[in-house]
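Residue-level structural notes
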Amino acid sequence: MSDTPKRSWAEPFKIKMVEPLKMTTREERKKALQEAGYNTFLLRSEDVYIDLLTDSGTNAMSDYQWAGMMLGDEAYAGSKNFYNLENAVQKFYGYKYLVPTHQGRGAEHIISKILIKPGDFVPGNMYFTTTRAHQELAGGNFVDVIIDEAHDPTSLHPFKGNVDLDKVESLIKKVGAKKIPYISIAVTVNMAGGQPVSMENIRAVSKLCRSHGIKVILDATRAVENAYYIKTREKGFEDRTVAQILHEMCSYTDGCTMSGKKDLMVNIGGFLAINDWDVFEEARNMVVLFEGLHTYGGLAGRDLEAMARGIEEAVQYDHIRARIGQVEYVGEKLKALGIPIVQPTGGHAIFLDARKFLPHLKQDQFPAQTLAAELYLESGIRAMERGIVSAGRNKDTGEHYYPKLELVRLTFPRRVYTQAHCDVTVEAVEATFEARNQMKGLKMVYEPKYLRFFQARFEPLA
Ligand code: F0G
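Residues numbered from 1 in each chain as written. Predicted model: local features only at pLDDT ≥ 70, side-chain atom pairs only at ≥ 80, totals over all residues. Heavy atoms only, no water.

A few points about the domain arrangement of the protein chain
Assigned domains of the protein chain: these are domain 1 (26-55 + 317-460) and domain 2 (63-314). Taking only C-alpha atoms into account, the centre of domain 1 sits 26 Å from that of domain 2. The interface of domain 1 with domain 2 comprises 35 residues on the first partner and 41 residues on the second. Overall, the association of domain 1 and domain 2 removes approximately 2,900 Å² of surface from exposure, summing both partners, and the carbon and sulfur fraction of that is 57%. Between domain 1 and domain 2 we count four salt bridges in total. Between Arg 222 and Asp 55 there is a salt bridge, and its shortest N-O distance comes to 2.8 Å. Secondary structure elements with two or more residues in the side of domain 1 that touches domain 2: α12 (317-336), β8 (349-353), α15 (388-391) and β10 (407-411). Split into classes, the residues belonging to the side of domain 1 that touches domain 2 amount to 16 nonpolar, eight polar and eleven charged. (Domains from an automatic or database assignment. Contact = heavy atoms within 4.5 Å. Buried area = accessible area lost by both parts, 1.4 Å probe. Salt bridge = Lys/Arg side-chain N within 4 Å of Asp/Glu carboxyl O. Helix = DSSP H or I, 4+ residues; strand = E, 2+ residues; numbered from the N terminus. Nonpolar A, V, L, I, M, F, W, Y, C, P; charged D, E, K, R; others polar.)

Structural notes on the site of the ligand
Taken together, 17 residues form the shell around the ligand, and within it Arg 105, Asp 219, Ser 259, Lys 262 and Arg 409 come nearest. Gln 103 places a side-chain nitrogen or oxygen 2.8 Å from an oxygen atom of the ligand. Contact between the ligand and Asn 190: an oxygen atom at 2.8 Å from a side-chain N or O atom of the residue. Compared with its free state, where it exposes 470 Å², the ligand has 95% of that area covered by protein. With three residues, helix α4 (residues 104-115) is the single largest residue contributor to the shell around the ligand. Residue-level mapping places the shell around the ligand at the junction of two domains, with at least three residues from each of domain 1 (26-55 + 317-460) and domain 2 (63-314). (Near = heavy atom within 4 Å. Polar contact = N/O pair within 3.5 Å; in protein donor to acceptor, adjacent residues only side chain to side chain. Areas by Shrake-Rupley, 256 points an atom, 1.4 Å probe, with all protein chains shown as cover.)

A short note on the sheet that holds strand β9 (residues 384-386)
Sheets are built from strands paired through backbone hydrogen bonds, the pairs being either parallel or antiparallel. Overall, antiparallel pairing links the three strands, which are arranged β8-β10-β9 in an open sheet. This sheet does not close on itself; its edge strands, each paired only once, are β8 and β9. Each strand axis lies, on average, 35° off the axis of its neighbour in the sheet, ignoring direction. In this sheet, β10 lies alongside β8 in antiparallel orientation, the contact comprising five bridges. Along β10, the bridge assignment pairs Leu 352 with Val 408. Of the strands in this sheet, β8, β9 and β10 touch helix α14 (residues 367-379), which is tilted by about 40° from β10. (Pairing = 2+ DSSP bridges. Axes fitted to C-alpha atoms, helices over the stretch in contact; angles between N-to-C directions.)

A closer look at the pattern of salt bridges
Under the criterion given, the structure shown has 27 salt bridges. Among the ionic pairs, Arg 323 bridges to Glu 225, the shortest N-O distance being 2.7 Å. Of this pair, Arg 323 sits in helix α12 while Glu 225 sits in helix α8 (residues 223-233), and the two are 98 residues apart along the sequence. For the pair shown, Arg 323 and Glu 225 are each scored as buried. Overlapping salt bridges bring together Asp 55, Arg 222, Glu 225, Arg 323 and Arg 414 as one network. (Buried < 20%, exposed > 50% of the residue type's maximum accessible area, 1.4 Å probe, protein only.)

Digging into the nonpolar core
Nonpolar side chains tend toward joint burial in soluble globular proteins. In terms of nonpolar packing, the biggest core is built from 75 residues, with Tyr 93, Met 126, Leu 246, Met 249 and Phe 271 touching the most fellow members. Among the domains, domain 1 (26-55 + 317-460) and domain 2 (63-314) are the pair contributing at least three residues each to this core. Each residue touching Phe 271, except ones within four places of it in the same chain, is listed here: Val 89, Tyr 93, Leu 98, Val 99, Pro 100, Thr 101, Ala 107, Cys 256, Thr 257, Met 258, Leu 264 and Met 307. Counting residues in each nonpolar core, the second largest holds 33 residues, with Ala 322, Ile 339, Ala 372 and Phe 412 among its members. (Core = buried A, V, L, I, M, F, W, Y, C linked by side-chain atoms within 4.5 Å.)

A look at the packing of aromatic side chains
Any two aromatic rings considered together are summarised by their centre-to-centre distance and by the angle between their planes. Applying the stated criterion across every chain, the model contains 13 aromatic pairs. Ring geometry for Phe 453 versus Phe 454: centroids 4.2 Å apart, planes at 40°, classification tilted. Classification of Phe 454 as partly exposed rests on a relative accessible area of 25%. Following the ring pairs from residue to residue traces out a cluster consisting of Phe 41, Phe 453 and Phe 454. Its end group placed over the ring of Phe 433, Arg 436 keeps NZ or CZ at 3.8 Å from the ring centre. (Phe/Tyr/Trp six-rings, centres within 6.5 Å; stacked < 30°, edge-to-face > 60°. Lys NZ or Arg CZ within 6 Å of the ring centre and 35° of its normal.)

Written out as structure tokens, the structure reads:
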């Protein structure tokens with residue numbers, strides 16, 4: 001399926017600065033977990049050994065990026081780092097106009113407010129938490145149009161993130177194209193397990209939507225990872241560079257929202273990029289209210305520079321191959337141990353299938369939340385729930401959404417952990433797997449109104 005070497009690859013960098021890791025005892029972790037309400041988001045980072053909560057903002061910057069940080073032009077307006085970023089976005093992503101934002105959700109907020117009218121429908125290839133939340137806050141209704149295979153952890157479809165064109169067509173028939181301002185395509189699809197979308201599919205979606213006057217907005221957060229999958233899995237792209245593939249993917253869309261904290265390996269930053277002048281004009285007006293002036297969007301000049309340089313580094317073949325290779329390495333080991341994971345493994349993370357792991361728990365006993373807590377207790381490794389807690393409640397009925405996928409995400413920051421950390425992680429998951437029959441589930445005792453997974457608190461079921 002891919003040409004990623006399985007065993008004898010090594011990290012394509014050497015380590016110039018280190019950050020010590022703290023080991024804890026089981027007793028200490030038990031206390032920390034109780035204090036955190038059995039929610040890994042509420043743990044203190046210093047109580048974590050290997051932090052696989054997210055690949056967002058947790059990446060290691062290169063010496064080239066750090067050098068750029070020293071060249072921050074901290075002028076309030078017209079910083080030269082803004083123009084460097086604008087050039088990089090135009091060159092690698094191909095969009096005309098750039099509005100920087102403090103991170104991805106800043107861009108989602110702005111584009112949702114500009115394009116969505118109350119009562120509109122916004123199709124997408126599976127929801128992402130912040131993306132859907134902003135679409136709903138703007139009065140939109142999210143409609144999932146991903147292919148059915150994406151909801152099946154065992155399906156080996158090579159492009160499980162693809163949009164189902166029939167689902168888009170039936171939505172257009174049902175509500176009318178006028179009620180669909182845009183389709184939101186995420187590449188890769190985080191909640192499906194980091195699954196890619198094929199070039200053929202992006203092209204077809206674009207053709208269909210444009211013929212109805214529906215815009216295509218890309219969530220480009222992990223688009224470089226998607227480009228690598230196209231290169232290694234889709235016929236005809238073997239000899240194209242990752243940069244060329246990225247550029248072509250974007251060419252079928254009208255703009256993108258971006259969380260630079262992933263692909264671009266910065267600790268903070270994002271942007272909205274768009275081809276339509278009128279949308280840009282409005283975004284440039286709005287960003288001043290919510291983020292900051294349109295040449296800094298809530299970021300320091302140095303942050304803009306680090307992101308501009310991250311764009312150049314992200315598309316380097318050695319980097320992206322090792323990045324995805326590391327995740328694949330962990331996936332192969334877990335599969336060999338018979339541990340249920342989403343397959344094929346995705347770009348940024350391994351997703352443990354909590355339904356199969358803990359078949360004795362009902363979904364409202366929060367199997368994935370339970371499993372993430374138990375993994376921490378066992379090993380000090382921090383993962384994240386991606387199941388019923390993350391899915392939240394239907395805004396009209398107030399009921400839990402019951403997603404088909406009930407997953408725990410082991411997310412790998414870029415350039416941070418070595419193969420030895422990966423081996424330790426595999427051993428920890430194995431130990432948790434062996435103890436699975438004793439796990440009893442959780443009840444939710446505090447639930448915040450928005451994006452509840454971040455701050456909800458739980459207690460063990462007796
Ligand atoms: N889109 C995708 C696909 C994401 O994964 C994220 C963030 C965002 C948008 C929002 O970007 O965090 O910069 O505001 N995902 C993080 C994660 C939080 O852990 O998966 P942001």
